[in-house]
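So the chains spell out like this:
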Amino acid sequence: MRRHHDGMDLEVTLRPPRRRLLLKESRALVDLATLPLGFVGPRRSAGTDRPVLVLPGFGAGELAMRPLRRYLQRHGVNAEDWGLGTNRAGLDIPHTLADLSPGWSPRPLARYRREGGVAFLVDRMVKRVRQRAEESGDAVALVGWSLGGTIAREVARDLPDAVSRVITLGSPFIGGPKYTAAGRSLRERGLDVDWIEQQVRLREQRPVTVPITAVVSPTDAVVDYAAAFDHFSERVEHVELDVAHLGMGVNRKVWKIVLERLV
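Residues numbered from 1 in each chain as written. Predicted model: local features only at pLDDT ≥ 70, side-chain atom pairs only at ≥ 80, totals over all residues. Heavy atoms only, no water.

This part covers the nonpolar core. In this structure, Leu68, Leu72, Val77, Leu169, Val258 and Leu262 are the most contacted members of the largest nonpolar core, which totals 27 residues. For this core, the secondary structure elements donating two or more residues are strand 3 (51-55), helix 2 (62-74), strand 5 (140-145), strand 6 (163-169) and helix 8 (252-262). Per-element tally for this core: the top contributor is helix 8, with six residues. The next biggest cluster of nonpolar side chains, apart from the first, holds 25 residues, and it includes Leu121, Ala133, Leu159 and Val210. (Core = buried A, V, L, I, M, F, W, Y, C linked by side-chain atoms within 4.5 Å. Buried < 20%, exposed > 50% of the residue type's maximum accessible area, 1.4 Å probe, protein only. Helix = DSSP H or I, 4+ residues; strand = E, 2+ residues; numbered from the N terminus.)

Given below as structure tokens:
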């Protein structure tokens, strides 16, 4: 596929991240060790009570996103947990064809279970975001790490009037899980990652219209760098930071970007 960067048309290859990058994920330990430094210094005032829902990545839950939420709350941002527990990509949720999000092609139930339940999680988040928007009387901002960002983006596609903006941290925009480190294992578990890639492409025919900030890392060992660029949404900003994928939720540089986009 081709990607535009700084006015140039570049040929890029989509593939799962190279295994040699895994060593760089150890930087997340440094981010964790220096995490307290993010709570030192003057506080900023967000000047808004708009709800901000923080969505975890695959396999993570409320605890993993707590440092980011606490940081945002310290600066006056009304940051909240996403409210759906641990993000297991919907693989643990019983569902039926009636639960599919608009735009996702229906499949035989047994086949759909093998493909995972991300669409089901999108539906659940659509309901939660709609409820929070009605309760607050304001549009909701969504911050998602990895798969959480993918879900946030799909919610914004379905609820453009209830979502003010989306911030994604190392989220795959192309191919679903196919060009991630989990792609092979998910395929072995029975998920049709090629079909999922086709469904992602079909949904892009209805672009996301709310502002998106996508934080990407050229040394991400979980999500392919090229697959993390959003070529389809109407208003998207890419911020490149050389950080570990596993550290994005606790990295102070990432926190600063998130805060600046929310206040």
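Pairing is parallel in the open sheet, where six strands are placed in the order 4-3-5-6-7-8. In this open sheet, the two edge strands, each paired with only one partner strand, are strand 4 (78-81) and strand 8 (236-240). Strand-to-strand twist in this sheet, taken as the mean axis angle between neighbours without regard to direction, amounts to 20°. As paired elements, strand 5 and strand 6 share six bridges and run parallel to each other. Its bridge partner being in strand 6, valine 140 is matched across the sheet by valine 163. The sheet contacts of helix 4 (residues 118-136) involve strand 3, strand 4, strand 5 and strand 6, and relative to strand 3 the element is tilted by about 160°. Each of strand 3, strand 5, strand 6, strand 7 (212-216) and strand 8 touches helix 8; the most contacted strand, strand 6, lies at about 170° to it. (Pairing = 2+ DSSP bridges. Axes fitted to C-alpha atoms, helices over the stretch in contact; angles between N-to-C directions. Contact = heavy atoms within 4.5 Å.)

Chain-level pLDDT for the protein chain is 85 on average; 86% of the residues reach the 70-or-more range. Of all secondary-structure elements in the protein chain, the lowest mean pLDDT belongs to strand 2 (residues 8-11), at 40, while strand 5 reaches the highest, 98. Counting interchain partners and residues more than four positions distant, the pLDDT-below-50 stretch residues 104-112 has 22 contacts. (pLDDT = per-residue confidence, 0-100.)

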